[in-house]
Amino acid sequence: MNSIDDFITGIPKAELHLHIEGTLEPELMVAIGRRNGVALPFPDAEAARKAYRFSDLQSFLDIYYRATAVLITEEDFYELTMAYLKKAASEQVRHAEIFFDPQSHTARGVAFETVVRGIERALVEGQRSFDITTRLIMCILRHLSEEEGLAMLEHALRWKRWIAGIGLDSSERGNPPGKFKRLFERAQAEGFLTVAHAGEEGGANSIREALDLLHVSRIDHGVHCMEDEALVEDLVQRQVPLTVCPLSNVRLRVFSSMREHNLKAMLQRGLCVTINSDDPAYFGGYINENYLEAAHALQLERKDIVRLAQNSFAASSLSAIHKELYLKEIERYVAEQGS
Ligand code: ADE
Ligand code: ZN
């Protein structure tokens with residue numbers, strides 16, 4: 001019988017909560033920074049890794065946006081995205097729904113099209129080389145105004161053939177979902193998939209607001225839902241997907257340790273939970289490391305891993321036929337592994 005570790009590393013899975021800028025490994029950041037002549041707050045990759053100690057979401061975002069500033073050319077975005085796809089495919093990710101933060105680039109004078117062209121070129125090549133399907137989700141920075149977000153939506157409309165969805169990220173405190181009501185209405189009217197970060201640092205009320213005012217299809221993080229039994233009941237009934245990121249939650253001190261994480265309780269309660277890596281270059285591991293650390297700390301069993309992998313495809317924006325194909329692949333994998 002395979003160990004749970006082998007079982008996790010081999011199972012086909014989808015990643016639904018991944019910020020492409022959060023995959024910028026320190027080595028690549030330093031190399032691109034040198035290439036583009038952008039000064040960094042770290043002398044080398046090792047120093048950067050050492051500096052990645054966060055007290056909360058904002059302390060992370062401050063470093064993350066500074067590091068992101070090395071990305072300037074189409075080639076930078078291409079290289080970043082190719083590196084992620086290669087890594088993801090090696091961890092049996094078959095499908096990835098990838099966030100990008102255009103406002104963190106356009107604010108520095110990088111053209112919107114430079115960003116999307118670089119990412120898209122890698123996504124097309126990634127599908128050919130690594131057999132990984134993808135969707136691109138443009139995130140709106142919630143610490144900025146709705147008007148600034150609406151301007152981004154105009155860009156997204158021009159690149160609609162490459163952008164499948166609209167998300168909401170950045171500082172949750174002080175920036176409730178309701179601030180972006182008009183923007184999400186417009187995005188839905190234009191046919192975009194919509195998702196929002198909620199209940200990461202914010203409470204259950206933030207999740208409720210994202211559902212009731214923004215009408216999103218998925219909640220990113222959502223771990224604070226467990227504080228509100230009526231909300232949990234509703235999320236279970238409607239099977240609203242919650243894209244949980246265990247290593248991120250520990251590194252950003254949403255939970256004091258992995259053993260304190262409520263992922264297993266969420267699963268046991270019947271919520272449609274998935275495991276994802278958020279910003280893997282900053283939080284100590286990609287998707288398999290998230291599954292592995294959660295499994296070890298919370299004593300997850302094979303049936304939990306199977307459920308999480310099934311949920312990841314079920315919660316994706318893939319067509320019903322594609323979901324069925326991937327779910328069948330999981331079934332075959334489980335049968336091959338024996339009990
Ligand atoms: N941007 C990148 N990672 C994020 C996170 N975990 N929460 C909110 N915004 C983010
Ligand atoms: Zn995130």
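Refer to the structure presented above.
Note that this is a predicted model, so its numbers are computed, not measured.

Section: the coordination of the zinc ion (ligand 2)
Donor atoms from the polypeptide that coordinate the zinc ion (ligand 2) comprise His17 (NE2), His19 (NE2), His197 (NE2) and Asp278 (OD), at 2.0 to 2.2 Å from the metal. Here the donor residues of the zinc ion (ligand 2) are spaced in sequence according to H-x1-H-x177-H-x80-D. Of the two residues, His19 is situated in strand E1 (residues 13-19) and His197 in strand E5 (residues 193-198); the sequence distance between them amounts to 178 residues. Exposure class is identical for His19 and His197. Each is buried.

Quick notes on the sheet that holds strand E4 (residues 165-169)
The strand order E1-E2-E3-E4-E5-E6-E7-E8 describes an open sheet built from eight strands, whose pairing is parallel. For this open sheet the edge positions go to E1 and strand E8 (273-275), each flanked by a neighbour on one side alone. Direction aside, neighbouring strands of the sheet carry axes that sit 25 degrees apart on average. Examined bridge by bridge, strand E7 (residues 242-244) and E8 share three bridges and lie parallel to one another. Within E8, the residue paired with Thr243 across the bridge is Thr274. Contacts from helix H8 (residues 146-158) reach strand E3 (133-141) and E4 within the one sheet, and its direction differs from that of E3 by about 155 degrees.

Thoughts on the packing of aromatic side chains
All chains considered together, the criterion is met by 14 aromatic pairs. Ring centres of Phe60 and Phe283 lie 4.8 Å apart, and the angle between their planes is 55 degrees; this geometry places the pair in the tilted category. Here the residue Phe60 occupies a position in helix H4 (residues 57-68), and Phe283 occupies one in helix H14 (residues 280-283), the gap between them amounting to 223 residues. We note that Phe60, like Phe283, is buried. Pairing Phe313 with Tyr326 gives two aromatic rings, centres 4.6 Å apart and planes at 10 degrees, and the pair type is stacked. Placement of Phe313 in helix H16 (residues 302-314) and of Tyr326 in helix H17 (residues 320-337) is noted, with a sequence separation of 13 residues between them. For the pair Phe313 and Tyr326, a shared accessibility class is recorded, and that class is buried.

Description of the site of ligand 1
The local shell around ligand 1 consists of His19, Leu57, Phe60, Leu61, Tyr64, Asp169, Ser170, His197, Glu200, His221, Asp278 and Asp279. Interatomic distance of 3.4 Å between a side-chain N/O atom of His19 and a nitrogen atom of ligand 1. Residue Glu200 places a side-chain N or O atom 2.8 Å away from a nitrogen atom belonging to ligand 1. About the coverage of ligand 1: the protein hides 100% of its 260 Å² of free accessible area. The greatest single-element share of the shell around ligand 1, amounting to four residues, is contributed by H4. Looking at side-chain class alone, the shell around ligand 1 contains four nonpolar, four polar and four charged residues.

Concerning the nonpolar core
For soluble globular proteins, the rule of thumb is that nonpolar side chains tend to be buried together. One finds Phe100 and Ile166 to be the most contacted residues of the largest nonpolar core, which totals 106 residues. Sorting elements by how many residues they give to this core places helix H15 (residues 287-298) first, with six residues. Residue contacts for Phe100: discarding those within four places in its chain leaves Ile20, Glu21, Phe112, Val115, Val116, Ile119, Leu136, Ile137, Met138, Cys139 and Ile163. The next biggest cluster of nonpolar side chains, apart from the first, holds five residues, and it includes Ile137, Cys139, Leu193 and Val195.

A closer look at the state of the cysteines
The full count for this structure, using the stated rule, is zero disulfides. Free of any disulfide, Cys139 has its nearest cysteine sulfur in Cys245, 11 Å distant. By relative accessible area, Cys139 is classed as buried at 0%. Relative accessible area serves as the criterion here: at 0%, Cys245 is assigned to the buried category.

Considering the side chain of Glu97
By the secondary structure assignment, Glu97 is in strand E2 (residues 93-100). At a separation of 2.8 Å, a polar atom in the side chain of Glu97 contacts the side chain of His95. Discounting chain neighbours no more than four positions away, the residues touching Glu97 are Glu15, Leu16, His17, Leu18, Arg135, Ile137, Leu193, Arg218, Ser316, Ser317 and Leu318.

About the criteria used
Residues numbered from 1 in each chain as written. Chains lettered and ligands numbered in written order. Predicted model: local features only at pLDDT ≥ 70, side-chain atom pairs only at ≥ 80, totals over all residues. Heavy atoms only, no water. Donors = N, O, S within 2.8 Å, 3.2 Å for Na, K, Ca; no water. Helix = DSSP H or I, 4+ residues; strand = E, 2+ residues; numbered from the N terminus. Buried < 20%, exposed > 50% of the residue type's maximum accessible area, 1.4 Å probe, protein only. Pairing = 2+ DSSP bridges. Axes fitted to C-alpha atoms, helices over the stretch in contact; angles between N-to-C directions. Contact = heavy atoms within 4.5 Å. Phe/Tyr/Trp six-rings, centres within 6.5 Å; stacked < 30°, edge-to-face > 60°. Near = heavy atom within 4 Å. Polar contact = N/O pair within 3.5 Å; in protein donor to acceptor, adjacent residues only side chain to side chain. Areas by Shrake-Rupley, 256 points an atom, 1.4 Å probe, with all protein chains shown as cover. Nonpolar A, V, L, I, M, F, W, Y, C, P; charged D, E, K, R; others polar. Core = buried A, V, L, I, M, F, W, Y, C linked by side-chain atoms within 4.5 Å. Disulfide = S-S within 2.5 Å.

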